[in-house]
Amino acid sequence: DVKVTQSSRYLVKRTGEKVFLECVQDMDHENMFWYRQDPGLGLRLIYFSYDVKMKEKGDIPEGYSVSREKKERFSLILESASTNQTSMYLCASGTGSMGNQPQHFGDGTRLSIL
Amino acid sequence: RKEVEQDPGPFNVPEGATVAFNCTYSNSASQSFFWYRQDCRKEPKLLMSVYSSGNEDGRFTAQLNRASQYISLLIRDSKLSDSATYLCVVNPGGGADGLTFGKGTHLIIQP
């Protein structure tokens, strides 16, 4: 089975802090993704990466950055956390250059910014 | 127009009944379609891919109607454990970027 592991299930940080969310997958997938999920808004794509050191903006990249130094690891960075970034963050990985393969999700990180 | 639309429900269905819900998508060039299941406060999990010819997995049947741009999910002999939110997922461009998720249909199976 595909295993996508997110470093924290719950995280509480303060406004202005720099926050790192880590994600590791064990299936040698080329593609990795970061989403946030909010009530009434569904899942929204923040950033994705289709190769090491490659990154692409998703629908809502503002206030975030990412890092993919190794194929198995994709990090989401909140440069200066704000209260509107309180959310459930989901990492996913997948394979296939044409996006015709499903994505597999980690357990999610519930991030609260105080 | 939203890319992927679903009736949010909730659908309240008695145990053992058959339930079906649809999802419409706006991009006629969409290549890939999936149904995911999400339990409360958990991550989405792949339920099944949706193929052009339709496909079945046990009590679950998925169908694609390209002409009308919708996909459907049918659950037969529903179980209490089927209670969840079902997410319709489309790859609108066929590229390697993120999938587009519907907001989900909430299903409640009642004893």
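In what follows, the accompanying structure is described. Fair warning: this is a prediction, and the values are worked out from it, not measured in the lab.

## With respect to the overall build of chain A
Part 1 of the reasoning: The secondary structure content of chain A amounts to 0 helices and 12 strands.
Part 2 of the reasoning: Counting helices and strands in the order they occur from the N terminus, chain A gives β-β-β-β-β-β-β-β-β-β-β-β.
Part 3 of the reasoning: The C-alpha radius of gyration computed for chain A amounts to 13 Å, which stays within 12% of the reference 13 Å derived for 114 residues, consistent with globular compactness.
Part 4 of the reasoning: Taken along the three principal axes of its C-alpha coordinates, chain A extends 40 × 30 × 25 Å.
Part 5 of the reasoning: For chain A, long-range pairs separated by at least 24 residues make up 56% of all intrachain contacts whose partners lie at least 6 apart in sequence.
Part 6 of the reasoning: With the model as given, the accessible surface of chain A reaches about 5600 Å², and the carbon-plus-sulfur share is 49%.
Part 7 of the reasoning: If the 15 positive side-chain charges of chain A are averaged to one point and the 15 negative ones to another, these points end up 6 Å apart.

## Quick word on the packing of aromatic side chains
Residues and elements named next belong to chain B.
Part 1 of the reasoning: Per the stated rule, a full pass over the model turns up 12 aromatic pairs over all chains.
Part 2 of the reasoning: On the numbers, 5.9 Å between centres and 70° between planes, the contact of Phe21 with Trp35 is edge-to-face. On the criterion of sequence distance, the pair formed by Phe21 in strand β3 (residues 19–25) and Trp35 in strand β4 (residues 32–38) is long-range, its members being 14 residues apart.
Part 3 of the reasoning: On the accessibility criterion, Phe21 (3% relative accessible area) is buried.
Part 4 of the reasoning: Trp35 gets classed as buried once you look at its relative accessible area, which sits at 0%.

## Let's talk about the pattern of salt bridges
Part 1 of the reasoning: Applying the stated criterion across every chain, the model contains 10 salt bridges over all chains.
Part 2 of the reasoning: The partner of A:Arg36 in a salt bridge is A:Asp38, and the shortest N-O contact between them spans 2.9 Å.
Part 3 of the reasoning: On the accessibility criterion, A:Asp38 (12% relative accessible area) is buried.
Part 4 of the reasoning: B:Arg59 is paired through a salt bridge with B:Asp82; the nearest N and O atoms lie 2.8 Å apart. Pair noted here: B:Arg59 is in the loop between β6 (55–57) and β7 (60–65) and B:Asp82 is in the loop between β8 (70–75) and β9 (84–91), with a separation of 23 residues, a long-range link.
Part 5 of the reasoning: On the accessibility criterion, B:Arg59 (22% relative accessible area) is partly exposed.

## Digging into the nonpolar core
Part 1 of the reasoning: Ranked by internal contacts, the top residues of the largest apolar core, which has 22 residues, are B:Phe21, B:Trp35, B:Ile71, B:Leu73, B:Ile75, B:Tyr86 and B:Leu107.
Part 2 of the reasoning: For this core, the secondary-structure elements that each account for two or more residues are β3, β4, β7, β8, β9 and β11 (105–110) of chain B.
Part 3 of the reasoning: Excluding anything up to four places from it in sequence, B:Tyr86 contacts B:Gln6, B:Phe21, B:Trp35, B:Tyr36, B:Arg37, B:Leu47, B:Phe60, B:Leu73, B:Ile75, B:Gly104, B:Thr105 and B:Leu107.
Part 4 of the reasoning: In this structure, A:Trp34, A:Phe74, A:Leu76 and A:Tyr89 belong to the second largest nonpolar core, which totals 20 residues.

## Brief notes about the environment of A:Val52
Part 1 of the reasoning: Its location among the elements puts A:Val52 in the loop between β6 (42–49) and β7 (56–57).
Part 2 of the reasoning: If sequence neighbours within four positions are ignored, A:Val52 has contacts with A:Arg68, A:Glu69, A:Lys70 and A:Lys71.

## Things to note about unusual backbone geometry
Part 1 of the reasoning: Cis geometry is adopted by the peptide bond preceding B:Pro10, which originates at B:Gly9 and carries an omega value of 10°.
Part 2 of the reasoning: Of note, B:Pro10 is situated in the loop between β1 (4–6) and β2 (11–14).
Part 3 of the reasoning: One non-glycine residue with positive phi stands out, namely A:Asp28, at about 60°.
Part 4 of the reasoning: Summarising the element assignment, A:Asp28 is placed in the loop between β4 (23–25) and β5 (31–38).
Part 5 of the reasoning: For B:Gln69, which is not glycine, the phi torsion reads 55° and is therefore positive.
Part 6 of the reasoning: Within the secondary structure, B:Gln69 is located in the loop between β7 and β8.

## Quick word on the side chain of A:Gln37
Part 1 of the reasoning: Note that A:Gln37 resides in strand β5.
Part 2 of the reasoning: Not counting residues within four places of it along the chain, the set of residues in contact with A:Gln37 comprises A:Gly42, A:Leu43, A:Ser87, A:Met88, A:Leu90 and B:Gln38.

About the thresholds
- Residues numbered from 1 in each chain as written.
- Chains lettered and ligands numbered in written order.
- Predicted model: local features only at pLDDT ≥ 70, side-chain atom pairs only at ≥ 80, totals over all residues.
- Heavy atoms only, no water.
- Helix = DSSP H or I, 4+ residues; strand = E, 2+ residues; numbered from the N terminus.
- Rg over C-alpha atoms; globule rule 2.2 N^0.38 Å.
- Contact = heavy atoms within 4.5 Å.
- Areas by Shrake-Rupley, 256 points an atom, 1.4 Å probe, with all protein chains shown as cover.
- Lys, Arg positive; Asp, Glu negative; His and termini not counted.
- Charge placed at Lys NZ, Arg CZ, Asp CG, Glu CD.
- Phe/Tyr/Trp six-rings, centres within 6.5 Å; stacked < 30°, edge-to-face > 60°.
- Buried < 20%, exposed > 50% of the residue type's maximum accessible area, 1.4 Å probe, protein only.
- Salt bridge = Lys/Arg side-chain N within 4 Å of Asp/Glu carboxyl O.
- Core = buried A, V, L, I, M, F, W, Y, C linked by side-chain atoms within 4.5 Å.

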